[in-house]
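If you want the building blocks of each chain, they are given just below.
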Amino acid sequence: MKLATWNVNSLNVRLPHVLKWLQENPVDVLCIQETKLTDDKFPLAAIQEAGYHVVFSGQKTYNGVAILSKHAIEDVVVNNPHYEDVQQRILAATIAGMRIVCAYVPNGQAVGTDKYEYKLGWLKSFRDWLEAEAAIHPNLAVLGDYNIAPDDRDVHDPAAWADQVLCSVPERTALQALFSLGLCDSFRLFEQADKTFSWWDYRMLGFQKNKGLRIDHILLSAPLAKRCVSCVVDRAPRKWEQPSDHAPVVATLGD
DNA sequence: ATGGCTTTTAAAAAAAGA
């Protein structure tokens, strides 16, 4: 069982990449963020032709999430029921005996801005909702773009990023609060190469110089973590022409 | 020190991302 997450930065532009990647990596579940498509524009037929069920929740220009699955998708929930949000950032569904949450955590723009406060408030409510989800669903996987680098190992230049958005203490504390629900960062269950990142700035040859951050994560509840045998970042699509600035992250679970 | 790119909206320039 393979679970993946990928911020595609416009599914309109990246659909060919998604289809190509799925052909090469036929994962069971792929959570997508930043579709930037209203639901009437969602490329449903192309994804179904690729052999995937799909649910999606989008909006114009910004945000938008989708869950693609080789298995039936049931009990779909759009957004955090305890947080009113016009921004489409969360989908939850039951797939193959697992509760799958696809999340696009707000970026936060810069420490001290309104968007940063929105991010922290959003994360607080997200935590409270996930606590309830975890109580109901022992097999819980929360995949997405968290827009938080868990610690300095996940940052190409920790000094430059210190206390900046994506790395600030309140954000990291909010992420730890998710871990404290019993959800573990599956990437850190395994030996990993130093300077493994999931996002690189388009500017300044960020990818070529590996100036990146690890901000896309797959969090697993204990029963799923026990089954997890690997978690890797697939850098390959970041090298394709006109790539997303994020790379997919893939967790593999045994039986 | 700054911005350096990409996408969207919408018709030139600006916001947003991270």
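Residues numbered from 1 in each chain as written. Chains lettered and ligands numbered in written order. Predicted model: local features only at pLDDT ≥ 70, side-chain atom pairs only at ≥ 80, totals over all residues. Heavy atoms only, no water.

As recorded in an unreviewed UniProt entry, chain A goes by Exodeoxyribonuclease III and comes from Pseudoduganella rivuli. Listed under Sequence similarities (unreviewed entry) in UniProt, the entry text for chain A is "Belongs to the DNA repair enzymes AP/ExoA family." (UniProt positions renumbered as here; feature names shortened; annotations may be inferred.)

Enquirer: Would you explain the packing of aromatic side chains in this entry?
Expert: Working definition: an aromatic ring pair is given by the centre-to-centre distance plus the angle between the planes. Evaluation of the coordinates by the stated rule reveals 6 aromatic pairs. Each ring, one from Tyr83 and one from Tyr118, has its centre 6.5 Å from the other, and the planes form 45 degrees; the classification is tilted. Taken together, the residues Tyr83 in the loop between strand E5 (74-78) and strand E6 (90-95) and Tyr118 in helix H3 (residues 114-136) connect sequence positions 35 residues apart. For Tyr118, a relative accessible area of 19% corresponds to the buried category. Seen in terms of ring centroids, Trp122 and Phe126 are 5.0 Å apart; in terms of plane orientation they differ by 35 degrees. Their pairing is tilted. Here the residue Trp122 and the residue Phe126 both occupy positions in helix H3, the gap between them amounting to 4 residues, near one helical turn. Across the pair, Phe126 and Trp122 agree in class, each one buried. Put simply, the rings of Trp122, Phe126 and Trp129 touch in pairs and so form one group of aromatic residues. We note Lys20 situated over the ring of Trp240; from NZ or CZ to the ring centre the distance is 4.1 Å. (Phe/Tyr/Trp six-rings, centres within 6.5 Å; stacked < 30°, edge-to-face > 60°. Helix = DSSP H or I, 4+ residues; strand = E, 2+ residues; numbered from the N terminus. Buried < 20%, exposed > 50% of the residue type's maximum accessible area, 1.4 Å probe, protein only. Lys NZ or Arg CZ within 6 Å of the ring centre and 35° of its normal.)

Enquirer: Please clarify how the environment of Lys239 should be interpreted in this entry.
Expert: Inspection of the secondary structure puts Lys239 in the loop between strand E13 (228-233) and strand E14 (249-253). According to the relative accessible area criterion, Lys239 is exposed, its value standing at 59%. The spatial distance from the C-alpha of Lys239 to the C-alpha of Phe207 is 8.5 Å, given a sequence separation of 32 residues.

Enquirer: For this particular structure, what's the right way to read the pattern of salt bridges?
Expert: Any two side chains of opposite charge can pair if their charged atoms end up close together. One pass over the full model with this rule turns up 11 salt bridges. Close ionic contact of Asp151 with Arg153 constitutes a salt bridge, the shortest N to O distance being 3.2 Å. One network of salt bridges, in which partners are shared, links Lys124, Arg127, Asp128 and Glu131. (Salt bridge = Lys/Arg side-chain N within 4 Å of Asp/Glu carboxyl O.)

Enquirer: Would you explain the UniProt feature "site: Interaction with DNA substrate" (unreviewed entry) in chain A in this entry?
Expert: Taken from the UniProt record, the annotation "site: Interaction with DNA substrate" (unreviewed entry) applies to His246. When you line up the elements, His246 lands in the loop between E13 and E14. Assessed through its relative accessible area of 4%, His246 is described here as buried. Not counting residues within four places of it along the chain, the set of residues in contact with His246 comprises Trp6, Asn7, Asp145, Ser198, Trp199, Ile215, Asp216 and Arg238. (Contact = heavy atoms within 4.5 Å.)

Enquirer: Help me understand the sheet that holds strand E12 (residues 216-220) in this model?
Expert: Strand pairing in a sheet relies on backbone hydrogen bonds. The paired strands run either parallel or antiparallel. Overall, mixed pairing links the 6 strands, which are arranged E5-E6-E7-E8-E12-E9 in an open sheet. At either end of the open sheet lies a strand with only one pairing partner, and these are E5 and strand E9 (184-185). Bridging between E6 and strand E7 (residues 98-104) involves 6 bridges; their strand directions are antiparallel. Paired with Ile90 across the two strands is Ala103, which belongs to E7. Sheet contacts for H3: E6, E7 and strand E8 (140-145); angle to E7, the most-contacted strand, approximately 175 degrees. (Pairing = 2+ DSSP bridges. Axes fitted to C-alpha atoms, helices over the stretch in contact; angles between N-to-C directions.)

Enquirer: I tried to follow the state of the cysteines on my own but got confused; where do I start?
Expert: Two cysteines whose sulfur atoms are joined by a covalent bond form what is called a disulfide. On inspection of all chains with the given rule, the structure shows 0 disulfides. Counting only cysteine sulfurs, Cys31 is the nearest neighbor of Cys102, a cysteine outside any disulfide, at a range of 4.2 Å. The structure places no disulfide on Cys167, whose sulfur is separated from the nearest cysteine sulfur, that of Cys231, by 19 Å. Overall, the relative accessible area of 5% leaves Cys167 in the buried class. (Disulfide = S-S within 2.5 Å.)

Enquirer: Any chance you could explain the sheet that holds strand E4 (residues 65-69) here in plain terms?
Expert: Spatially, 6 strands are ordered E3-E4-E2-E1-E14-E13 in an open sheet, and the strand pairing comes out mixed. Of all the strands in the sheet, the pair left with one neighbour each is strand E3 (53-57) and E13. Within this sheet the neighbouring strands show an average axis-to-axis angle of 10 degrees, counted without direction. When E3 meets E4, the two strands line up antiparallel, connected through 5 bridges. Note that in E4 the partner of Val55 across the bridge is Ile67. This element, helix H1 (residues 11-24), spans strand E1 (2-7), strand E2 (29-33), E4 and E14 of the sheet and lies at about 160 degrees to E2.

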